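Summary of the model geometry
Residues per chain, in single letters:
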Amino acid sequence: MRGLATRGNTVEYGEFGLQAMESAWLDAKCIEAGRVTASHFVRGEGRLYIRVFPSKSVSGRPPETRMGKGKGEPVYWAAVIKPGTVMYEFAGVPEETARMAFARVAHKMPFRCRFVKRRPTL
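The structure contained in this document is the topic of the report that follows.

How each quantity is defined
- Residues numbered from 1 in each chain as written.
- Predicted model: local features only at pLDDT ≥ 70, side-chain atom pairs only at ≥ 80, totals over all residues.
- Heavy atoms only, no water.
- Patch = residues over 30% accessible without salt bridge, like charges linked within 9 Å, V, L, I, M, F, W, Y side chains within 5 Å.
- Areas by Shrake-Rupley, 256 points an atom, 1.4 Å probe, with all protein chains shown as cover.
- Salt bridge = Lys/Arg side-chain N within 4 Å of Asp/Glu carboxyl O.
- Helix = DSSP H or I, 4+ residues; strand = E, 2+ residues; numbered from the N terminus.
- Expected span 1.5 Å × (residues − 1).
- Buried < 20%, exposed > 50% of the residue type's maximum accessible area, 1.4 Å probe, protein only.
- Arc of directions from axis to C-beta.
- Contact = heavy atoms within 4.5 Å.
- Pairing = 2+ DSSP bridges.
- Axes fitted to C-alpha atoms, helices over the stretch in contact; angles between N-to-C directions.
- Disulfide = S-S within 2.5 Å.
- Polar contact = N/O pair within 3.5 Å; in protein donor to acceptor, adjacent residues only side chain to side chain.

Side note on a nonpolar patch on the surface
- On the surface, a cluster of nonpolar side chains totalling about 480 Å² of accessible area is made up of Met1, Trp25, Val75, Tyr76 and Val80.
- Per element, the largest residue contribution to the nonpolar patch is three residues, and it comes from strand S5 (residues 73-81).

Now the structure itself:
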């Protein structure tokens, strides 16, 4: 996963976003944990947009299995995250509320994240 994100790297739908600063595979459980944390913090106020989707299957084999029996079953699903990818966005909440909510969500992520604002359009 080399390079920076060229798509999905700007805040499009809301006013504030949570942007990844490192590359990783973000599994579906982490995405859901972030959604629950953000929704719980704002108590239904505003709108939360999730910009990533776990479309990559990660397979695994049971331990101590002999070679030559084919590929293992999918263990979990993950989203490929590159540096600069905006993962979550908030609309309709004050900046301080979004900042505190995204700080809680960032603790759930397996990489460093930062708070970003929407750039003004010309």
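Quick look at the environment of Arg7
- By the element assignment, Arg7 lies in the segment before strand S1 (16-20).
- The sequence separation of Arg7 and His40 amounts to 33 residues, and the corresponding C-alpha distance is 29 Å.

Considering helix H2 (residues 95-108)
- The end-to-end C-alpha distance of H2, which contains 14 residues, comes to 20 Å, matching closely the 20 Å that a straight helix rising 1.5 Å per residue would cover.
- Within H2, burial applies to Ala98, Ala101, Phe102 and Val105. Down the axis of H2, the sector holding all buried residues measures 100°, keeping them to one side.
- The elements touched by buried residues of H2 are S1, helix H1 (28-42), strand S6 (86-91) and strand S7 (113-117).

Considering the sheet that holds S1
- Strand order in the open sheet made by the four strands is S3-S6-S1-S7, with antiparallel pairing throughout. For this open sheet the edge positions go to strand S3 (47-50) and S7, each flanked by a neighbour on one side alone. Here the strands of the sheet are splayed against their neighbours by 20° on average, with no regard to which way each runs.
- In the packing of H1 onto the sheet, the strands contacted are S3 and S6, and the crossing angle to S6 comes to about 20°.
- Lying on the sheet, H2 is in contact with S1, S6 and S7; it crosses S1 at an angle near 25°.

A look at H1
- With 15 residues, H1 extends 22 Å from end C-alpha to end C-alpha; this agrees with the ideal 21 Å at 1.5 Å per step.
- By the burial criterion, the buried members of H1 are Cys30, Ile31, Gly34, Thr37, Ala38, Phe41 and Val42. One side of H1 holds all its buried residues, which, seen down the axis, span an arc of 130°. Away from its buried face by more than 90 degrees, H1 exposes Lys29 and His40.
- Looking at the buried side of H1, the elements it contacts are strand S2 (24-27), S3, S5, S6 and H2.

Quick look at the state of the cysteines
- Using the criterion set out here, one finds zero disulfides in the structure.
- Of the cysteine sulfurs around Cys30, a residue in no disulfide, the closest is that of Cys113, at 10 Å.
- Cys30 gets classed as buried once you look at its relative accessible area, which sits at 18%.

A closer look at the side chain of Glu89
- Mapped onto the secondary structure, Glu89 falls in strand S6.
- Within polar-contact distance, the side chain of Glu89 engages the backbone nitrogen of Gly14 at 2.7 Å.
- Filtering out sequence-adjacent residues up to four positions away, Glu89 remains in contact with Thr10, Val11, Glu12, Tyr13, Gly14, Phe16, Gly17, Arg47, Leu48, Tyr49, Arg51 and Phe102.

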